[in-house]
Amino acid sequence: QVQLVESGGGSVQAGESLRLSCAASGSILDIDYMSWYRQAPGKQREMVAHIFNTGSRSYADSVKGRFTVSSDNAKNTVYLQMDSLKPEDTGVYYCKGTILGGPARISEYWGQGTQVTISS
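Owing to the predicted nature of the structure, the values given are computational and were not obtained by experimental measurement.

Undergrad: Looking at this model, I keep getting lost on the environment of Thr117. Mind explaining?
TA: Turning to its location among the elements, Thr117 is positioned in strand 11 (residues 114-119). Between the alpha carbons of Thr117 and Tyr33 there is a distance of 26 Å; along the sequence they are 84 residues apart. Here Thr117 is in contact with Gly10, Ser11, Val12 and Thr90, once residues within four sequence places are set aside. In this structure the side chain of Thr117 is engaged in a polar contact, spanning 3.3 Å, whose partner is the side chain of Gln115.

Undergrad: Explanation requested: the pairing of strand 8 (residues 77-82) in the structure shown.
TA: Note on strand geometry: in a regular strand, side chains alternate between the two faces of the sheet. In terms of burial, strand 8 is largely enclosed, as five of its six residues are buried. Direction of pairing for strand 3 (residues 18-24) relative to strand 8: antiparallel, over a ladder of six bridges. What sits directly across from Leu18, in strand 8, is Met82. Two elements, strand 7 (residues 67-72) and strand 8, share six bridges in a ladder whose sense is antiparallel. Paired with Ser70 across the strands is Tyr79, a residue of strand 8.

Undergrad: Which parts of the structure should I look at to understand the nonpolar core?
TA: Across soluble globular proteins, nonpolar side chains show a tendency to be buried alongside one another. Grouped together as the largest cluster of nonpolar side chains are 27 residues, with contacts concentrated most on Trp36, Leu80, Met82 and Tyr93. If you list the elements that add at least two residues to this core, you get strand 3, strand 4 (33-39), strand 5 (46-52), strand 7, strand 8, strand 9 (91-102) and strand 11. Looking at this core element by element, the count peaks at four residues for strand 3.

Undergrad: Explanation requested: the side chain of Arg38 in the structure shown.
TA: Mapping Arg38 onto the fold places it in strand 4. At 2.8 Å, the side chain of Arg38 and the side chain of Asp89 are in polar contact. Apart from the residues lying within four places of it in its own chain, the contact partners of Arg38 are Gln44, Arg45, Glu46, Val48, Ser62, Val63, Phe67, Glu88, Asp89, Val92 and Tyr93.

Undergrad: Is there a simple way to explain the pattern of salt bridges in this structure?
TA: Opposite charge on two side chains makes pairing possible when the charged atoms of those side chains draw close. Scanning the entire structure with this criterion turns up five salt bridges. In this structure, Asp89 and Arg38 form a salt bridge, with 2.8 Å as the shortest nitrogen-oxygen distance. Placement of Asp89 in the loop between strand 8 and strand 9 and of Arg38 in strand 4 is noted, with a sequence separation of 51 residues between them. Classification of Arg38 as buried rests on a relative accessible area of 6%. The salt bridge involving Arg66 is made with Asp89; its shortest N-O contact spans 2.8 Å. With a gap of 23 residues between them, Arg66 in the loop between strand 6 (57-59) and strand 7 and Asp89 in the loop between strand 8 and strand 9 connect regions that are remote in the sequence.

Calculation criteria
- Residues numbered from 1 in each chain as written.
- Predicted model: local features only at pLDDT ≥ 70, side-chain atom pairs only at ≥ 80, totals over all residues.
- Heavy atoms only, no water.
- Helix = DSSP H or I, 4+ residues; strand = E, 2+ residues; numbered from the N terminus.
- Contact = heavy atoms within 4.5 Å.
- Polar contact = N/O pair within 3.5 Å; in protein donor to acceptor, adjacent residues only side chain to side chain.
- Buried < 20%, exposed > 50% of the residue type's maximum accessible area, 1.4 Å probe, protein only.
- Pairing = 2+ DSSP bridges.
- Core = buried A, V, L, I, M, F, W, Y, C linked by side-chain atoms within 4.5 Å.
- Salt bridge = Lys/Arg side-chain N within 4 Å of Asp/Glu carboxyl O.

Below, the structure is given as structure tokens:
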């Protein structure tokens, strides 16, 4: 079982920055890709960023150019650097690990979430 724990959330003003961390119980190299999602109150959870074990990264259009996802394999940790934060970035941020067991077999593991609040 993969266990993920997020940290680094908090309350900041618009234009400021936060750095989120996601610590895995085992090697993140055993996970095909790690992702960040967020969910605002009353809204559906949405994808924020992916980082693949090839080093490739992808971002939602709403955060592209402002957020950066990275990893430290020695620490089994994935990060989300969030700059130029906006009030609409407010929500609970979740870390997810995805393991592809085959073409039609996928295992997903979620962290407990960390609250991010951006005031205008």
